[in-house]
Amino acid sequence: MNTSIETIVAAPEFQSGHVWLAGAGPGHPRYLTLEVADALAKADVIVHDALVSDGVLSLAKTTDLIFVGKRGGRPSVAQDDITTKLIELAKAGKRVLRLKGGDPFVFGRGGEEAEALVKEGIPFRILPGMTSALAALAAANIPATMRGISRSITLATGHAAGTEGDLDWKALAKTGEPIVVYMGVSTIGTIARLLIEGGRSPDTPVAVLMAATTPDERSMTATLETVEAEVKRQNFAAPALIVIGRIVSMQAILSGSAQ
Ligand code: SAH
């Protein structure tokens with residue numbers, strides 16, 4: 001059997017007036033799915049976030065690129081303005097590619113945007129992307145799950161750590177299972193404290209994986225007790241993922257002959 005990439009991505013067709021909500025993966029274009037790479041070549045207009053890399057955008061055929069992310073400390077474009085823009089462009093008969101970092105449904109607000117499109121009766125598709133946690137773990141030689149070490153993995157947001165209505169970190173601590181925290185660089189001190197109060201050992205290994213798969217990629221390891229100070233001392237900043245749990249200790253073993 002000989003199947004071509006063209007055959008795989010031929011259907012469904014990207015039609016005028018449709019919006020495709022797609023994930024661009026962690027950064028490096030090699031992690032794009034075939035259908036997202038193809039959509040980049042077919043879209044009339046691309047509405048993208050800051051986490052979508054230049055390498056990915058360089059595959060676009062259109063020059064109509066609309067940036068709606070946060071840059072240089074300026075506040076991001078309001079979510080309502082983004083959905084209004086998508087609706088306007090679709091109603092104008094464009095093939096609209098809404099491109100987000102990672103996967104659109106993992107801390108990507110893809111659900112809200114899809115809901116707004118439903119309300120307007122605008123046809124859309126969701127094109128998954130590789131979420132940054134999975135790519136970053138692979139790049140760091142840390143298995144997301146491993147027999148004998150973990151039976152589940154939690155993807156959590158650290159965005160609102162310690163504020164009203166936040167996740168129950170102490171309950172998460174009790175599972176003993178690994179946690180990957182998105183958007184947690186500035187709140188890691190609070191998260192580590194709550195996890196220790198919930199029963200995790202202060203010696204629990206932690207990895208911080210920054211800008212994974214991009215030229216700015218850096219990583220470090222620490223423990224729950226030291227991670228806050230180390231993040232500051234080594235100037236780690238967003239975008240970064242914080243991996244907490246015994247799976248982190250596999251890194252030293254697997255990095256032996258990994259390329
Ligand atoms: N939808 C995205 C997540 C968006 S939230 C996804 O599925 O990956 C933004 C957060 O994602 C960042 O603050 C950071 O925690 C994480 N992130 C995205 N890309 C990353 C990368 N290349 N390296 C490390 N963290 C990344």
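In case you missed it, the structure is sitting above this.
## Quick word on the site of the ligand
Here comes step 1: Neighbouring the ligand are 17 residues; Pro26, Val106, Thr131, Ser132 and Ala240 lie closest to it.
Here comes step 2: Thr131 places a polar side-chain atom, nitrogen or oxygen, 2.6 Å from an oxygen atom of the ligand.
Here comes step 3: Between the ligand and Ser132, the relevant distance is 2.7 Å, taken from an oxygen atom to a side-chain nitrogen or oxygen of the residue.
Here comes step 4: Isolated, the ligand exposes 540 Å² of accessible area, and the fraction of that covered by the protein chains is 93%.
Here comes step 5: By residue class, the composition of the shell around the ligand is 12 nonpolar, 4 polar and 1 charged.
Here comes step 6: Both of domain 1 (5-130) and domain 2 (133-254) provide at least three residues apiece to the shell around the ligand.

## Quick look at the sheet that holds strand β8 (residues 205-210)
Here comes step 1: Taken in spatial order, the 5 strands make up an open sheet running β6-β7-β10-β8-β9, and their pairing is mixed. In this open sheet, the two strands that pair with only one neighbour each are β6 (154-157) and β9 (218-223). Each strand axis lies, on average, 20° off the axis of its neighbour in the sheet, ignoring direction.
Here comes step 2: When β8 meets β9, the two strands line up antiparallel, connected through 6 bridges. Across the sheet, residue Val206 finds its bridge partner in β9, namely Ala222.

## Remarks on helix α4 (residues 79-91)
In an α-helix, one full turn covers 3.6 residues, which means residues spaced three or four apart are oriented alike.
Here comes step 1: Across its 13 residues, α4 extends 19 Å between first and last C-alpha, which sits within 8% of the 18 Å expected from 1.5 Å per residue.
Here comes step 2: For α4, the full list of buried residues reads Gln79, Ile82, Thr83, Leu86, Ile87, Leu89 and Ala90. Projection of α4 onto a plane perpendicular to its axis shows the buried side chains occupying an angular sector of 165°, all on one side. Exposed and oriented more than 90 degrees from the buried face of α4 are Asp80 and Lys91.
Here comes step 3: Buried residues along α4 sit against β1 (19-23), β2 (45-48), β3 (65-67), β4 (96-100) and α5 (110-120).
Here comes step 4: In the stretch just after α4, Gly93 is the one whose phi turns positive, near 85°.

Cut-offs used in this document
- Residues numbered from 1 in each chain as written.
- Predicted model: local features only at pLDDT ≥ 70, side-chain atom pairs only at ≥ 80, totals over all residues.
- Heavy atoms only, no water.
- Near = heavy atom within 4 Å.
- Polar contact = N/O pair within 3.5 Å; in protein donor to acceptor, adjacent residues only side chain to side chain.
- Areas by Shrake-Rupley, 256 points an atom, 1.4 Å probe, with all protein chains shown as cover.
- Nonpolar A, V, L, I, M, F, W, Y, C, P; charged D, E, K, R; others polar.
- Domains from an automatic or database assignment.
- Pairing = 2+ DSSP bridges.
- Helix = DSSP H or I, 4+ residues; strand = E, 2+ residues; numbered from the N terminus.
- Axes fitted to C-alpha atoms, helices over the stretch in contact; angles between N-to-C directions.
- Expected span 1.5 Å × (residues − 1).
- Buried < 20%, exposed > 50% of the residue type's maximum accessible area, 1.4 Å probe, protein only.
- Arc of directions from axis to C-beta.
- Contact = heavy atoms within 4.5 Å.

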